[in-house]
Amino acid sequence: MEESRLKKLQVLKERGLSYPYKFKTSSTIGDVRKRFEKDVEYKHITLKGTVKRVSSVEDGYLVRLVDSRGVEILVLTKEELSQGKEYKLSGLLGRYEGKLCLFSAVSIDSGEAVQIEDIKKEYDLDPNFEEVSLAGRLVALRSMGKALFGHVQDGTGKIQIYLKRDVLGDERFRDFEELVDVGDVLGFRGKLFRTNTGELTLEVEDFLVLTKSLHPMPEKWHGLKDVEVRYRQRYLDLIANEEARKIFLLRSKVISQIRRILDMEGFIEVETPTLQQVASGANAKPFITYHNYLEQNLYLRIAPELYLKRLIVGGFNRVYELGKNFRNEGVDTTHNPEFTMLEFYVAYWDYEDLMEFTEKLMEELLRTVVGGMRITYKGRELDFTPPFRRYSYFELLEKKTGKGMDFFLKDLEGLRNLAGNIGIPKADTLTHAKLIDKVFDVLVEDELWGPCFVVDFPKLLSPLAKSHRKNPELVERFELFVAGKELANAYTELNDPFEQRERFLAQLKEREMGDEEAMQMDEDFIRALEYGMPPTAGEGIGIDRLVMVLAGVDSIREVILFPTLRQR
């Protein structure tokens, strides 16, 4: 904690100006920008101008290009342009940090050019000194003698502020210089205008320190790079890194759109217990807690599945839950002990209906959230245009190993040797089901770029799925894979209470053989099935992994606001 900041806070306290209860704003910064800055959909244009300044940025140069009338625009290019030289540049018009910018610009010799001034007038509207009151965090400040320039941001955007001594008066100008630091949260009143470079700016007529930051902000030009600090102190990551803010805004939009789509399809959103008496509904090791009053162990849910199917029994034909699951498992780039899942169930459907619906859901999600069916992930294209390809589980294994389904289901010793040869740890101790699952994971999953469905899983791996109508050793189950990641798991639900009991008993045998992730028996769920569950299909979609793909990141910690970390 900086001593100088503490002293400034003490001065504010002595004046009765510290930590006020409220500040009335006329709008958010984002709303102001939307009103006076038209959206640019990356249209192709050509501009002509003289290079005023060149700065190096990641993967190229940021150029300030000025026309004959002194109007400026930003240019991002990989070409090394010479300061003071005139160029004709062709590229895509967009916005860079809120300012109009020509992206991917290349110099050309011929072709008609648009006037920079005309482009600025079309997309950067004149605020005409409109009076506003805004609040946010001061993220940059520079002195120019009798004037100060800075940037303030809130959760919706960032705007430049301009403080003049002859507007504020000597005393208030001096107060700002002496008592305000980068990182402080402030309220401003003033008038909006545009600078010579065209930047939307607030000329400050009055200000109020709303909250004093007692620590300096991360280095302003390069953002916060230390991933350990970014994950442990997410608030600093959100302050310093625009990309982090974009990811979590994207996540929010994804969840909102999923709810909207399901609601429009006649689903009802429900809530099922997070604390459960039986750890079942998925193959995972649970977290255990103890309830003092009930004098019994309870489990943080590993899945809401069995409760949602109870609701199908109860007559709700289309239900979904979007919430947290908890699994006491390892942490890696695609796993976090606490994660968000969507699970939905539909009476009278089977897994074929679910595959069609999943394509429809993804198509609508990509259209509304991303704006198209194609995205780029790790430099490769993903095309979500239906229909998705379908691959048989055992056909994929046979393609990689040359061995058919009978080998995997009947030759346990040969399977164990195969697992050991491909480097699966402790292969000699794993159960039959675990061996098949691990071999598929190691040999096949990473190559499933997709989007694609893997269908018809072995019954050994699927204790809650209905037997395949053409092969009793399989079940009617599919998983959706995108970029080597399992995003969804679904099946035609098993609704025969006698067969379900036998499947649970087989799971108990797996537990006795050392599989801590095998399911527990749930007698009440069996009883619910005995009352009759109609033909049903159900699906779970991992929200975190879905956002990873749409955001173009390769670690689940990038899309969870507060990921689980080892204690310091």
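Let me begin by describing the structure that accompanies this report. Per-chain numbering applies: the sequence of each chain, read as written, is numbered from 1 onward. Totals for whole chains, interfaces and linings use all residues, but because this is a predicted model, local features are given only for residues with pLDDT of at least 70 and pairs of side-chain atoms are given and counted only at 80 or more. Based on all heavy atoms of the structure, the side-chain values leave hydrogens and waters out of the count.

**Observations regarding the nonpolar core**
Put simply, the test is: Definition used in this section: a nonpolar core is a set of buried Ala, Val, Leu, Ile, Met, Phe, Trp, Tyr and Cys residues joined via side-chain atoms within 4.5 Å. Residue burial is assigned from relative accessible area. The probe radius is 1.4 Å, only protein chains are included, and a residue is buried under 20% of its type maximum, exposed over 50%, and partly exposed in between. Secondary structure is summarised from DSSP: a helix means a run of H or I of at least four residues, a strand means a run of E of at least two, and numbering begins at the N terminus for each. The contact criterion used throughout is that any non-hydrogen atoms of two residues lie within 4.5 Å.
With 51 residues, the main nonpolar core has Val 254, Ile 258, Leu 342, Leu 382 and Phe 384 as its most contacted residues. Top element by residues in this core is helix H10 (residues 351–370). It accounts for 9 residues. Excluding its chain neighbours within four sequence positions, the residues that come into contact with Ile 258 are Leu 322, Leu 342, Leu 365, Ile 543 and Leu 546.

**Some words on helix H15 (residues 497–512)**
Applicable threshold: A helix is expected to reach a length of 1.5 Å times the quantity of its residues less one. Directions drawn from the helix axis to the C-beta atoms are what define this arc.
For H15, built from 16 residues, the straight-helix expectation of 22 Å at 1.5 Å per residue is met to within 8% by its first-to-last C-alpha distance of 23 Å. Listed as buried for H15 are Pro 497, Gln 500, Arg 503, Phe 504, Gln 507 and Glu 510. An end-on view of H15 places all buried positions within 120 degrees of arc, on one side of the element. Relative to its buried face, H15 has exposed residues pointing more than 90 degrees away, namely Phe 498, Glu 502, Lys 509 and Glu 512. Residues of H15 that are buried make contact with helix H9 (305–313), helix H14 (432–443) and helix H16 (523–530). After H15 finishes, the residue Gly 514 shows a positive phi value of roughly 110 degrees.

**Some details on the environment of Val 331**
Structurally, the position occupied by Val 331 is in the loop between strand S15 (318–326) and strand S16 (338–347). Put simply, Val 331 and Ile 556 are 225 residues apart on the chain and 9.5 Å apart in space, counted from C-alpha to C-alpha. Other than its neighbours up to four places away in sequence, Val 331 contacts Pro 337 and Arg 557.

**Things to note about the pairing of S16**
Formally: For two strands to count as paired, DSSP must find a minimum of two bridges between them.
Within S16, 9 of the 10 residues are buried, which leaves the element mostly enclosed by the surrounding structure. Alignment of S15 against S16, held across 9 bridges, turns out to be antiparallel. When the bridges of S16 are listed, Lys 324 appears paired with Thr 340. Examined bridge by bridge, S16 and strand S23 (residues 536–542) share 7 bridges and lie antiparallel to one another. By the bridge assignment, Phe 344 is partnered in S23 with Glu 539.

**Points about the sheet that holds strand S3 (residues 72–77)**
Heads up, the rule is: In this analysis an axis means a line fitted to C-alpha atoms, helices contributing only their contacting stretch, and an angle means the value between N-to-C directions, from 0 to 180 degrees.
Spatially, S1-S2-S3-S5-S4 is the arrangement adopted by the 5 strands of the closed barrel, whose pairing is mixed. Between one strand axis and the next, the sheet turns through 55 degrees on average, direction left out of account. Taken together, the 8 bridges between strand S1 (residues 43–57) and strand S4 (residues 86–96) define a ladder with antiparallel strand orientation. Across the sheet, residue Gly 49 finds its bridge partner in S4, namely Tyr 87. Strands S1, strand S2 (60–66), S3, S4 and strand S5 (99–107) of the sheet are contacted by helix H3 (residues 116–123), whose axis makes an angle of about 100 degrees with S1.

**Side note on the packing of helix H13 (residues 412–421) against H14**
Condition: Any angle from 65 to 115 degrees is called roughly perpendicular, while one under 35 is roughly parallel, one over 145 is roughly antiparallel, and all others are oblique. Should the near helix be turned anticlockwise from the far one by less than a right angle, the crossing is termed left-handed; should it be turned clockwise, right-handed. Polar here means any residue other than Ala, Val, Leu, Ile, Met, Phe, Trp, Tyr, Cys and Pro, which are nonpolar, and Asp, Glu, Lys and Arg, which are charged; Gly is therefore polar.
At a minimum axis separation of 10 Å, H13 and H14 run at an interaxial angle of 40 degrees. The angle between H13 and H14 falls in the class oblique. Considering how the two elements wind past one another, H13 and H14 form a crossing that is left-handed. Residues Leu 412, Leu 415, Arg 416, Leu 418 and Ala 419 of H13 form the contact with H14, whose own contacting residues are His 432, Leu 435, Ile 436 and Val 439. Across the contact of H13 with H14, the residue classes tally to 7 nonpolar, 1 polar and 1 charged.

**Some details on empty space enclosed by the protein**
As a reminder, the rule being used: Cavity and pocket criteria rest on a 1 Å grid covering protein atoms alone: a 1.4 Å probe that fits but cannot get out defines a cavity, protein on both sides within 12 Å along at least 5 of 7 lines defines an open pocket, and an atom within 4 Å of a point defines a lining residue. Grid points are joined across faces, edges and corners, and a volume is the space filled by probe spheres set on the points.
Scanning all chains against the criterion turns up 1 cavity of 30 Å³ or more. Put simply, the largest cavity is a space of about 40 Å³. Lining the largest cavity we find Gln 276, Val 278, Ser 280, Ala 303, Pro 304, Glu 305, Leu 306, Tyr 307 and Asp 522. Considering every element that reaches the lining of the largest cavity, the biggest residue donor is H9, with 3 residues.

**Re the sheet that holds S15**
Within a beta sheet, neighbouring strands are joined by backbone hydrogen bonds and run either parallel or antiparallel to one another. Read across the open sheet, the 8 strands follow the order S11-S15-S16-S23-S22-S21-S20-S19; overall the sheet is mixed. Of all the strands in the sheet, the pair left with one neighbour each is strand S11 (268–269) and strand S19 (389–392). Sitting on the sheet, H9 is in contact with S15, S16, strand S22 (485–492) and S23, with an inclination near 25 degrees to S16.

**Details of H10**
The following threshold applies: As used in this structure description, the phrase polar contact means that two N or O atoms lie within 3.5 Å; if the pair is within protein, one of them must be able to donate a hydrogen and the other to accept it, and residues adjacent in sequence are counted only when both atoms belong to side chains.
Taking 1.5 Å as the rise per residue, H10 with 20 residues should run 28 Å; its terminal C-alpha atoms sit 27 Å apart, in good agreement. For H10, the capping residue at the N-terminal end is Asp 350, with a side-chain oxygen 3.1 Å from the backbone nitrogen of Glu 352. Immediately downstream of H10, the backbone of Gly 371 shows phi near 95 degrees, a positive value.

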